[in-house]
Amino acid sequence: MNRSSAAQVEWAGVKHAAGLPAFERGWVWLVGAGPGDPGLLTLHAFNALNQADVVLYDALVDESILGLAGPQASYVYGGKRSGDGATQQEITDQMIALARAGKRVLRLKGGDPFVFGRGGEEALALVAAHIPFRIVPGVTSGIGGLAYAGIPATHRDINHVVSFVTGHMAGGDVPDTVNWRALGEASPVIVIYMGLKHIGRIAVEIIAAGRSPDEPVAIISNATTAKQLVIETTLARAESDASASGIPGPALIVVGEAVRLRPGLDWLSAALHGRKLEADPLRKSRPRKKPARTLSVS
Ligand code: SAH
């Protein structure tokens, strides 16, 4: 038995054990691919890649993931990046046309399809067109990307609230629908998607909400991929550090004390570059002050 047939037999076993569904003709599966590392795909996503006739993929889907589709699959780019891609309407129309032609259509999106991914809009268009569909959630970059940067989205000593917010409006501006002041007051940890371009303005808004200019900020670029890059800065320096470093998108911005946990939790740098991890990055167990009087025991 060669390697690929062994893999097929093993996958058939996993499929059976996990009760994974068959991809029916004429269906669309809207699937989250996770932030990049193929290991973060769900079994449902892998099962979809195995059976799809057409993979209609987003700009953010990592190439290594596309390589996992079966030999029967053809690929159609369904992204809107850099202005020269298709419009949202064209992508939706194409998805519907392929399903009506009897294809098993895998609409593959970066992260989770329902988190800043227009998955809801695309699914509603399928409802209107009477196309049956399935939603497969994915690991959103705001969770998975943070984990690969060694930043927990919540930590008992730091926050009981975390917010996920977009830093970009359809028109390309900072969203005026986001109440930055309320967010700054209420959310100790703020995870900003699509914010790199407007990082300066966003930082100003958050400082205006009463947050310290020295509050830590991390910028995580290409999270969970081989190109992952993280810079640590502060609200006051975020814009200048981002432009001086030339850190590229896609990137997440994390604002909050949770960033201070990185020296303890940056497991990826420990694994790749031998970074030594600190057990007490928040300095909780500072040496206690000497008691005023010491009792001498002889
Ligand atoms: N549905 C996606 C988000 C799409 S919006 C999800 O759940 O992750 C696009 C934004 O997501 C990017 O501008 C960036 O802020 C973020 N993003 C997606 N993948 C990323 C990655 N691998 N690294 C860093 N940011 C990422």
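Quick caveat, the model's predicted, so the values are computed rather than measured.

### Quick look at the overall build of the protein chain
Counting its regular elements, the protein chain contains eleven helices and ten strands. Looking at the protein chain as a whole, 37% of its 298 residues qualify as buried. Within the protein chain, contacts between residues at least 6 apart in sequence are counted, and of these 70% link residues at least 24 apart.

### Some thoughts on the domain arrangement of the protein chain
Buried accessible area, meaning the area lost when the parts come together, often serves as the stated size of an interface. In terms of domain boundaries, the protein chain breaks down into domain 1 (15–139) and domain 2 (142–273). Taken together, the contact between domain 1 and domain 2 spans ten residues of the former and twelve residues of the latter. By residue class, the composition of the side of domain 1 that touches domain 2 is six nonpolar, two polar and two charged.

### A few points about the nonpolar core
Judged by nonpolar contacts, the single largest core of 33 residues is most densely connected at Val 217, Ala 218, Ile 220, Leu 252, Ile 253 and Val 254. Excluding residues within four positions of it along the chain, Ile 220 makes contact with Gly 145, Ala 149, Val 230, Ala 251, Leu 252 and Val 254. In terms of nonpolar packing, the next biggest core, distinct from the first, is built from 30 residues, Ala 45, Leu 108, Val 136 and Val 139 among them.

### So, the site of the ligand
Gly 111, Gly 117, Thr 140, Ser 141 and Ala 223 are the nearest of the 25 residues found near the ligand. Only α6 (141–148), β8 (216–221) and β10 (251–255) provide two or more residues apiece to the shell around the ligand. Here the shell around the ligand is built from residues that sort into eleven nonpolar, twelve polar and two charged. Two domains share the shell around the ligand, each providing at least three of its residues, namely domain 1 (15–139) and domain 2 (142–273).

### Remarks on helix α5 (residues 119–128)
Within the sequence span of α5, burial applies to Gly 119, Glu 122, Ala 125 and Leu 126. Across the axial projection of α5, the buried residues extend over an arc of 130 degrees, all falling on one side. The outward face of α5, more than 90 degrees from its buried face, is lined by the exposed residues Gly 120, Glu 121, Leu 124, Val 127 and Ala 128. Considering only its buried residues, α5 is in contact with β1 (28–32), α4 (88–100), β4 (105–109) and β5 (133–136). Looking at the residues trailing α5, positive phi occurs at His 130, about 60 degrees.

Reading the values: rules and limits
- Residues numbered from 1 in each chain as written.
- Predicted model: local features only at pLDDT ≥ 70, side-chain atom pairs only at ≥ 80, totals over all residues.
- Helix = DSSP H or I, 4+ residues; strand = E, 2+ residues; numbered from the N terminus.
- Buried ≥ 20, exposed ≤ 12 C-beta atoms within 10 Å, placed from the backbone.
- Contact = placed C-beta atoms within 7 Å.
- Domains from an automatic or database assignment.
- Nonpolar A, V, L, I, M, F, W, Y, C, P; charged D, E, K, R; others polar.
- Core = buried A, V, L, I, M, F, W, Y, C linked by C-beta atoms within 7 Å.
- Near = placed C-beta within 6 Å.
- Arc of directions from axis to C-beta.

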